[in-house]
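Per-entry structural report
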Amino acid sequence: MNEPMADRECPLPAQVDWEPPEFANLYAEHSRAIFYLSLRFLGDPQKAEDATHDVFLKAFKKMDQFRGEASWRTWLYRIAINHCRNLQQSWNERHMFSNADEAIWENAVAQSDSPFRILETKELGERIQKALDVLPDEYRLLLLLIADEQLSYEEVGTLTEQSADAVRGKLHRARKAFAAQFKKSE
Amino acid sequence: MKQQNEFNSEHEHQHDTGQRLNQNTAQEFATVEELLRHDASQTSVPTGIATRLQKSSAEFPRPNRSWWQRLFGQ
């Protein structure tokens, strides 16, 4: 498997005829990445669908503000992260929910360098979601961003407002925490 | 990330069917990132989003093409 998350793999439905057409290209090229981030960050397909719609609508309205300082992908991710965080925050406030203390994950016992062996792929998405759901938001976001081959550590750092070195350090703990949770569901 | 992205399988892929994944085939992912990439590649974007978006965007003025059209392709 050597495939970027999204590379014009999301053809538009035949009835969709966008103006301007460049926006259709933007959607076709990046909608999978944005939908996937929303899906796994929020953990709810309906919310992810709404979030993807809202992110691209914001992008449509703000296209004039795009200055080319970052890639379109990074620009869209920034909108998506802000949007998903706002949704998550308001949900957490309503439910008095908070992620477990980060220190807990320091002691995760699984080794992140051992391979993930999958025998049954039918429920793979569900297992991944369950493992991600219990991670702190920051770890979940870092893992999802770093999985996108189009982003560098520096870009992930910019998107999450930290240095590339900080990203590397936290990723190590995030991988361990994910591995521990994922292997629990074997 | 920019790294070798190996996809290990105990059995041969079924290239002839166009399927990248046989549901009963054991697979191995060396890293969390590989696992997530695979998951992403198997995730479809609901087609309803595009239709909805077209309707929603029609309510707003078109972006000024002359400015960002030059940037497209970056």
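Residues numbered from 1 in each chain as written. Chains lettered and ligands numbered in written order. Predicted model: local features only at pLDDT ≥ 70, side-chain atom pairs only at ≥ 80, totals over all residues.

1. As for the overall build of chain B
Broken down by element type, chain B carries 3 helices and 2 strands. Ordering the α and β elements of chain B from the N terminus gives β-β-α-α-α. (Helix = DSSP H or I, 4+ residues; strand = E, 2+ residues; numbered from the N terminus.)

2. Considerations on the domain arrangement of chain A
Residues and elements named next belong to chain A. On domain assignment, one finds that chain A holds domain 1 (18-98) and domain 2 (100-186). Counting residues at the interface gives 11 residues for domain 1 and 12 residues for domain 2. Looking at the side of domain 1 that touches domain 2, the elements with two or more residues in it are α1 (21-42) and α3 (72-95). Looking at which element gives the most residues to the side of domain 1 that touches domain 2, the answer is α3, with 6 residues. (Domains from an automatic or database assignment. Contact = placed C-beta atoms within 7 Å.)

3. Comments concerning helix α2 (residues 45-62) of chain A
The first and last C-alpha atoms of α2(A) sit 25 Å apart over 18 residues, in line with the 26 Å expected at 1.5 Å per residue. Listed as buried for α2(A) are A:A48, A:A51, A:T52, A:H53, A:V55, A:F56 and A:A59. (Expected span 1.5 Å × (residues − 1). Buried ≥ 20, exposed ≤ 12 C-beta atoms within 10 Å, placed from the backbone.)

4. Points about the environment of A:A179
Take A:A179: it is sitting in helix α8 (residues 164-184). In the structure, A:A179 is positioned 34 residues away from A:L145 in sequence and 17 Å away in space, judged by C-alpha atoms.

5. Things to note about the environment of A:W18
Structurally, A:W18 is set in the segment before α1. Residues contacting A:W18, with those up to four places away along its chain left out, are A:F23, A:A24 and B:Q54.

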